[in-house]
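Survey of secondary and tertiary structure
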Number of protein chains: 4
Amino acid sequence: MTNKKENILKSALELFANEGFNATSTNKIAQHAAVSEGLIFRHFKNKNGLLTAILESGEEKASRLFATILNQTDSKEVIRKTIELPFCIHKSEYDYWRLQFKLKWEKEYNNSKKIMPLVEKLTWAFSMLKYEKPNLEAQHLIYIFESISIELLKGNLDNQNIYKEFLKYKYTV
Amino acid sequence: MTNKKENILKSALELFANEGFNATSTNKIAQHAAVSEGLIFRHFKNKNGLLTAILESGEEKASRLFATILNQTDSKEVIRKTIELPFCIHKSEYDYWRLQFKLKWEKEYNNSKKIMPLVEKLTWAFSMLKYEKPNLEAQHLIYIFESISIELLKGNLDNQNIYKEFLKYKYTV
Amino acid sequence: MTNKKENILKSALELFANEGFNATSTNKIAQHAAVSEGLIFRHFKNKNGLLTAILESGEEKASRLFATILNQTDSKEVIRKTIELPFCIHKSEYDYWRLQFKLKWEKEYNNSKKIMPLVEKLTWAFSMLKYEKPNLEAQHLIYIFESISIELLKGNLDNQNIYKEFLKYKYTV
Amino acid sequence: MTNKKENILKSALELFANEGFNATSTNKIAQHAAVSEGLIFRHFKNKNGLLTAILESGEEKASRLFATILNQTDSKEVIRKTIELPFCIHKSEYDYWRLQFKLKWEKEYNNSKKIMPLVEKLTWAFSMLKYEKPNLEAQHLIYIFESISIELLKGNLDNQNIYKEFLKYKYTV
DNA sequence: TATGAATGAGTATTCATTCAT
DNA sequence: GATGAATGAATACTCATTCAT
C-alpha cells in the first residue's frame, strides 16, 4: 500500500470517528491527508468505499482482539479477560472503535452479530462455573462490557480502574 | 403552538432520530411535515435551533421520568424502578431517546451530568442496603441501565423481559 | 400619515442610504421600524414602492433647496448660493441625499435632468458677469458642486470650510 | 490563469459594474461566463473573494495610469495630464472604473487614500507655478477630475471634449 | 390599520464525483 | 499513481410578498 493511500485511510478514520461520517467532506479528508481530492476516488471509488475500506482494515484487528478470549480454555480466565478487554485497547485504536460504536446507530452498519462468538464463549464459561442462568449471565456481562467500552471511548476514564477491580472482585476472577 | 410548527418538530424528531442530524436535510423535513422549507427557519431560526427546540421540549419528559425514581423513599424500590425504567418508555418516545443517545457521541451534546441525580439516589439506596461499595454498585447499575436502553432503542427486544426478571432477581427487588 | 407609516419611511431611508437598497431586506426595515413586515406591503405595495415613496417625499425638500437659488435676481448671489448650498444641508437630510447619489449609479434612477434649471440659472449668471463661456463655466461649477456634495455626504468634511472660502474668493462672490 | 477563471473575472466585472455587487447573483455570473456556479467558489472561495480578485487585478492598471502623471517633471505638464487623464481611459476599462466609483459609497471599499500621491504632485505643481494656495488648488482640480470621471463613466460625454479644452485654457496648459 | 403565519423562488456555498492530463 | 480543473445536484438559509384574521 502506497504512502498516500495509507494517509487517506488514517485521516478519514480520524475525521469520521471524531466528526462523523456525514459531517466529514472528502475535501477535508484530502486536505488532512495532504493529497488531492481526486486520489480518494481513484483508490476507493467513492466516499462509502473509503468507509468500507477503513472498516475492513480494522476487521482483522478486531478479530485478533476477540481471539485472545475465544482461545482461552480456563472459564475464569474467559471472564477475567472479557472484563479487562476494553482497558487493553491502545489509545491509537480508539478512533477505530469510536467509529464502530457510532456506526452501530445506523441501521446499515449495525453488525451486532460480530459479538456472538464472545457471548457463546461466556455462556460456556458461566455454565462451567455452575451459574444458574449462564446465557443471561453472558448477556449481562456483555452489556457491562459495552457500557465500559463506550465510557472509555468517550474519554470518561476517571475511576475506571477501580471499577475494573470491582468487577473482577464481583466475579471472583 | 400552531399546527404546522408542531408538524415540523415531529417530523424533524423522527428524521433526526432515524437518519441522523447531519443526514437530514431541511428540505426533507419540510416535505415530511408538508410545509414550506422557509417556515422551518421562520420558526426556529436555523437547523440547530430546530434541534435545540426538540431537545428542550423533551427535557420535561425526561425529568418526569427520572422524578418517579428520585421521589422514592424505599431503597429497594429505587433499584427496582431503575431496572424497570427503560422498559416503561412508551414506543412513541423512542425517537426522542434514540436521538439523545446518538447525540451523546457529539461533544457538544454530551450532557452526561443529567444522570448524576440518579447515580446519587442509587448510591444512597445501595448504602441503605449495606452493599460494600455503594457508589461502585450505583455506577455498575447505571452501566447496565444504559446498555438495556440502547438495546431497546435499537429494537433488539427479543428476550429483554426475561433479562429484566433476571436482573430483579439478582438484586432481589 | 400614521405614526407607523412614517416610521417605515424613516427606517427605510436610513437603511437604504447606509447599506444600499438591495442589501436592505424588508425584514430588517420592519424590525428597525418596529412594525410587522406585512405593514410595509400594505402601505407601499412592494419594496420598490417604498423606495419611490421615499424619493417622492424628498422631492419637495429638494425643490425648496434649489428654489432659493433659482429665485435669486443678483448674479453674484446665484453663484455664492450655489457654492454654499452643499454646506447648508442639514445633517438630518444627509441620508436622503446619500441615497440620491447612490441611486444615480443605477440607470433607472439617474435623473440628472433635475439639475438643469440650476445649470441654466448659472449660465445666466455667468453671462451677466461677462464670463467668456458662461455655459461651460456653469457646467464647471456644477461639477465642483457635485464633488463637494459627495465629499460632504461621505463624511470627509475636514477642511471643507476653508475650501468654501477659497471658492468664493475664486469667484469673487 | 485558465480560460474559465478569466471568463468568470470578466463576466463578474461587467455585471458588478453595471448591476451592482449585491444585485448580481453568482448564478448570473456563472451563466454569463458559461461555467458551473461551483467553479466560482473553487477559484475565489466566495463572492467577496471574487470581488477582491477583480479589484486586485485592476490595481496594477490604476497604478500605471497614475504613474504617467507622477513621473512628470514639468509642472504644467502635470496639470495638463491630470485634466486629460479621464479622457484617456479606454472604453474597455470603463467597467472597472465604474465599479470602483460605485464601491466608494461602501465604507469597506472607500480607499480615498489612493489618490493622495496625485494630490501631492498637483500641490507641488501649483506651488511651482506660484499659485497662491497650491494645496487648495490641488484639491480643487481633483474635485473637477472626479466629476469628469463620473460623468464620462455614466456615459454623459456629449460635449466633454469642449469642456476639456475649456479646462486646459483655464489653467493655460 | 396591523399582525404574523406561510410560501416559493432565489441565494451563496458545499459536496461527492468525473475526467483530461 | 496523482493532480487539479470542472460539474450538477444538493444544502442551509433569505427574501419579497400574500393572506387570513
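Conventions we followed
- Residues numbered from 1 in each chain as written.
- Chains lettered and ligands numbered in written order.
- Predicted model: local features only at pLDDT ≥ 70, side-chain atom pairs only at ≥ 80, totals over all residues.
- Heavy atoms only, no water.
- Domains from an automatic or database assignment.
- Contact = heavy atoms within 4.5 Å.
- Buried area = accessible area lost by both parts, 1.4 Å probe.
- Polar contact = N/O pair within 3.5 Å; in protein donor to acceptor, adjacent residues only side chain to side chain.
- Nonpolar A, V, L, I, M, F, W, Y, C, P; charged D, E, K, R; others polar.
- Least-squares fit on C-alpha atoms with pLDDT ≥ 70 in both.
- Near = heavy atom within 4 Å.
- Helix = DSSP H or I, 4+ residues; strand = E, 2+ residues; numbered from the N terminus.
- Salt bridge = Lys/Arg side-chain N within 4 Å of Asp/Glu carboxyl O.
- Axes fitted to C-alpha atoms, helices over the stretch in contact; angles between N-to-C directions.
- Parallel < 35°, antiparallel > 145°, perpendicular 65-115°, else oblique.
- Phe/Tyr/Trp six-rings, centres within 6.5 Å; stacked < 30°, edge-to-face > 60°.
- Buried < 20%, exposed > 50% of the residue type's maximum accessible area, 1.4 Å probe, protein only.
- Expected span 1.5 Å × (residues − 1).

1. Some words on the domain arrangement of chain A
All names here are of chain A. Split into domains, chain A comes out as domain 1 (1-44) and domain 2 (58-170). For domain 1 and domain 2, the distance between their C-alpha centres works out to 30 Å. Every contact between the two is made by 7 residues of domain 1 and, on the other side, 5 residues of domain 2. Interface of domain 1 and domain 2: buried area, both sides summed, is about 530 Å²; carbon and sulfur atoms make up 60% of it. On the domain 1 side of the interface with domain 2, the three residues burying the most area are Leu13, Ala17 and Asn18, jointly 70% of the side's total. Counting the contacts that link domain 1 with domain 2 gives 2 residue pairs in polar contact (both at pLDDT 80 or more). For the side of domain 1 that touches domain 2, the per-class residue count stands at 3 nonpolar, 2 polar and 2 charged.

2. Re the relation of the copies chain A and chain B
Overlaying chain A on chain B yields an RMSD of 0.1 Å, the required transformation being a rotation through 180 degrees with an accompanying axial translation of 0.1 Å. Expressed as a symmetry operation, the mapping of one chain copy onto the other fits a two-fold axis.

3. Some points on the protein's contact with DNA strand E
Taken together, 31 residues surround DNA strand E, and among them Thr26, Phe41 and Lys47 of chain A together with Lys4 and Arg42 of chain C come closest. Backbone polar atom of threonine 24 of chain A to a phosphate oxygen of DNA strand E: 3.5 Å apart, as the coordinates give it. For DNA strand E, a phosphate oxygen lies 2.6 Å from a polar atom in the backbone of threonine 26 of chain A. Among the elements of the structure, α3 (37-44) of chain A, α3 (37-44) of chain B, α3 (37-44) of chain C together with α3 (37-44) of chain D are those that each provide at least two residues to the surface near DNA strand E. The class makeup of the residues in the surface near DNA strand E is 6 nonpolar, 17 polar and 8 charged.

4. Description of the protein's contact with DNA strand F
In the neighbourhood of DNA strand F, 31 residues make up the surrounding shell, with Lys4 of chain A, Lys47 of chain B together with Thr26, Phe41 and Lys47 of chain C lying closest. Take the atoms of DNA strand F that sit within 4 Å of the protein: sugar and phosphate atoms are 61% of them. Between lysine 4 of chain D and DNA strand F, the recorded distance is 2.7 Å, taken from a side-chain N or O atom to a phosphate oxygen. At the level of elements, α3 of chain A, α3 of chain B, α3 of chain C together with α3 of chain D are the ones that each hand at least two residues to the surface near DNA strand F. Each residue belonging to the surface near DNA strand F can be placed in one class, and the counts come to 6 nonpolar, 17 polar and 8 charged.

5. Here's the deal with the pattern of salt bridges
Within the structure shown, the criterion is met by 42 salt bridges over all chains. Residues arginine 80 of chain B and glutamate 84 of chain B are paired through a salt bridge, measuring 3.2 Å at the closest nitrogen-oxygen approach. Of this pair, arginine 80 of chain B and glutamate 84 of chain B both sit in helix α5 (residues 75-88), 4 residues apart, roughly one helical turn. Through salt bridges that share partners, Glu77, Arg80, Lys81, Glu84, Glu165 and Lys168 of chain A make up one connected network.

6. Side note on the interface of chain A and chain B
At the interface, 35 residues of chain A touch 34 residues of chain B. Seen at the junction of chain A and chain B, the total is 2 salt bridges. Between glutamate 137 of chain B and lysine 170 of chain A there is a salt bridge whose closest N-O contact spans 2.8 Å. Taken together, the elements giving at least two residues each to the side of chain A that touches chain B come down to α1 (3-19), α6 (94-103), α8 (134-153) and α9 (160-170) of chain A.

7. Observations regarding the packing of α1 of chain A against helix α4 (residues 47-70) of chain A
A pair of packed helices is captured by two measures, namely the crossing angle of their axes and the spacing between those axes. All names here are of chain A. Contact geometry for α1 and α4: axes closest at 10 Å, N-to-C directions at 95 degrees. If you check the angle between α1 and α4, you find them roughly perpendicular. Within the contact between the two elements, α1 uses Ile8, Leu9, Ala12, Leu13 and Phe16 and α4 uses Lys47, Leu50, Leu51, Ala53 and Ile54. Residues belonging to the contact of α1 with α4 are distributed by class as follows: 9 nonpolar, no polar and 1 charged.

8. Observations regarding the packing of aromatic side chains
All names here are of chain C. Overall, the coordinates contain 28 aromatic pairs over all chains when judged by the stated rule. Between phenylalanine 126 and tyrosine 131 the ring centres are 4.7 Å apart and the planes differ by 65 degrees, which places this aromatic pair in the edge-to-face class. By relative accessible area, tyrosine 131 is classed as partly exposed at 25%. Measuring from ring centre to ring centre gives 5.9 Å for phenylalanine 126 and tyrosine 171, while their planes differ by 50 degrees; the resulting arrangement is tilted. Highlighted residues: phenylalanine 126 in helix α7 (residues 116-128) and tyrosine 171 in the segment after α9 (160-170), separated in sequence by 45 residues. The exposure class assigned to phenylalanine 126 is buried, which follows from its relative accessible area of 0%. Overall, the relative accessible area of 5% leaves tyrosine 171 in the buried class.

9. Notes on the relation of the copies chain C and chain D
With an axial shift of 0.1 Å and an RMSD of 0.1 Å, the rotation relating chain C to chain D amounts to 180 degrees. An overlap of 100% is found between the interface residues of chain C and their copies at the interface of chain D, pointing to a shared contact surface.

10. Considering the side chain of histidine 140 of chain A
Within the fold, histidine 140 of chain A resides in helix α8. Excluding residues that lie within four positions of it along the chain, histidine 140 of chain A makes contacts with Tyr171 of chain A together with His140, Ile144, Tyr163, Phe166, Leu167 and Lys170 of chain B.

11. As for helix α8 (residues 134-153) of chain C
An α-helix turns once every 3.6 residues. As a result, residues three or four positions apart point the same way. Residues and elements named next belong to chain C. Its 20 residues give α8 an end-to-end C-alpha distance of 28 Å, which sits within 8% of 28 Å, the value for a rise of 1.5 Å per residue. The buried count for α8 comes to 19 of 20 residues, which makes it a mostly enclosed element. In the segment just after α8, glycine 155 is the residue with positive phi, at about 90 degrees.

12. A word on the arrangement of the chains
Taking C-alpha atoms only, the smallest gap left between chain A and chain C, which are not in contact, amounts to 31 Å. At the C-alpha level, the nearest point of chain B lies 20 Å from chain D, with no contact between them.

13. Quick look at unusual backbone geometry
Negative phi values dominate among residues other than glycine, just as trans dominates among peptide bonds. For threonine 172 of chain A, which is not a glycine, the phi torsion comes out positive at approximately 45 degrees. Mapped onto the elements of the fold, threonine 172 of chain A is located in the segment after α9. Even without being a glycine, alanine 34 of chain C presents a positive backbone phi close to 55 degrees.

14. Here's the deal with the environment of serine 75 of chain C
Residue and element names in this part refer to chain C. With respect to the helices and strands, serine 75 occurs in helix α5 (residues 75-88). Between the alpha carbons of serine 75 and methionine 128 there is a distance of 6.7 Å; along the sequence they are 53 residues apart. Aside from chain neighbours lying at most four places away, what touches serine 75 is Trp124, Ala125, Met128 and Leu129.

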